[in-house]
Amino acid sequence: MWLILAVASAFFAGITSILAKLGLKNVDSTVATALRTTVVLVFAWALVLITGTQSELGTISVETWVFLILSGLATGASWLCYFKALQLGDVNRVVPIDKSSTVMAILLAIVLLGEGISVAGAIGVVLIAVGTLAMIERKDVDEVKVTRSGWLLFAIGSAVFAALTSILGKVGMEGVDSNLGTAIRTVVVLAMSWAMVMVSSKRSEIRGIRRNDAIFIVLSGLATGASWLCFFKALQEGPASIVVPIDKLSILAAVLFSFVVLNERLSKKAALGLAGIVFGTMLMLL
């Protein structure tokens, strides 16, 4: 059963980006992020209730609260950048660059936390870095230079903040159950995303969202929540050494669905880069 749940986790994680892309066609990415985070919050706290860890709220130290809040802010920034990148660029290129946060997180862990890395892990890091660079086209770099914007800039921002999330989350999670910590961080993300909506004066745009766009945004939030539920249940019943690699293969699901649903195609160079990212990820997990 846990194997089916692990595959389901990768599937739902893969279609999250596709559903979000479809919902972002006519909706501001900041507004969409706030709406889908509301849906994700329900799933996050559902996990807490299922695991019965809500009673630990009173035992969390001040230091842990600080790091959880900082981690939540980094997550919010990552999500805002990620969905803006999805709105501007192709899913099959945004997702791999966002996943390069793995490399940044490892480098930060080595520098800030003093963690070591195996030879296989080091090779994996290099493969992911080279693969990510292969996914970037010259025209995308030129666009950033000329406009000071573009999907590439937001995708890189998403990866940077995701890496910070991992480091801050690791420190914060040491004193709290992972499900409860995730739920607390999601509350921070929700507050941050709605604050961005208010600050940017985009609250009025909520009323103008079309039904189809709203459905896709909600579905993307439901897909994220479903992925979390399946992933943590699979971890509870099966070996992490198998569950985690399967979940990481969601990047392949995202690229496949982007081809089938959105007709987005990878160049030969980008396809080789994607292969390097996937192989490098598997090496690191091993």
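Residues numbered from 1 in each chain as written. Predicted model: local features only at pLDDT ≥ 70, side-chain atom pairs only at ≥ 80, totals over all residues. Heavy atoms only, no water.

1. Let's talk about the overall build of the chain
The number of helices and strands found in the chain is 13 helices and 0 strands. Reading the secondary structure of the chain in the N-to-C direction produces α-α-α-α-α-α-α-α-α-α-α-α-α. Relative to the 2.2 N^0.38 estimate, which gives 19 Å for 286 residues, the radius of gyration of the chain is 18 Å and therefore close to what a compact globule would have. Considering only C-alpha atoms, the chain reaches an extent of 55 × 50 × 40 Å along its principal axes. Counting all 286 residues of the chain, 49% fall into the buried class. Sequence-distant contacts in the chain: of pairs separated by 6 or more residues, those separated by 24 or more amount to 88%. Carbon and sulfur atoms make up 68% of the accessible area of the chain, which amounts to about 13700 Å² in all. (Helix = DSSP H or I, 4+ residues; strand = E, 2+ residues; numbered from the N terminus. Rg over C-alpha atoms; globule rule 2.2 N^0.38 Å. Buried < 20%, exposed > 50% of the residue type's maximum accessible area, 1.4 Å probe, protein only. Contact = heavy atoms within 4.5 Å. Areas by Shrake-Rupley, 256 points an atom, 1.4 Å probe, with all protein chains shown as cover.)

2. Focus on empty space enclosed by the protein
Under the definition given, this model contains 1 cavity of 30 Å³ or more. Roughly 40 Å³ of internal volume is contained in the largest cavity. Lining the largest cavity are Ala20, Leu24, Ala32, Thr33, Arg36, Phe83, Ile217 and Ser220. Listing elements by their share of the lining of the largest cavity, those giving two or more residues are helix H2 (29-51) and helix H10 (211-237). Looking at the lining of the largest cavity residue by residue, the class counts come to 5 nonpolar, 2 polar and 1 charged. (1 Å grid on protein atoms, 1.4 Å probe; cavity = no way out; pocket = protein on both sides within 12 Å on 5 of 7 lines; lining within 4 Å. Points joined across faces, edges and corners; volume = space filled by probe spheres on them. Nonpolar A, V, L, I, M, F, W, Y, C, P; charged D, E, K, R; others polar.)

3. Focus on the layout of surface pockets
Each pocket or cavity is described by its volume, and for the largest pocket that value is around 2000 Å³. If you trace the largest pocket, you find 49 residues lining it, with Lys99, Ser166, Arg185, Asp247 and Lys248 closest to the centre. A per-element tally of the lining of the largest pocket places helix H8 (residues 151-173) first, with 8 residues.

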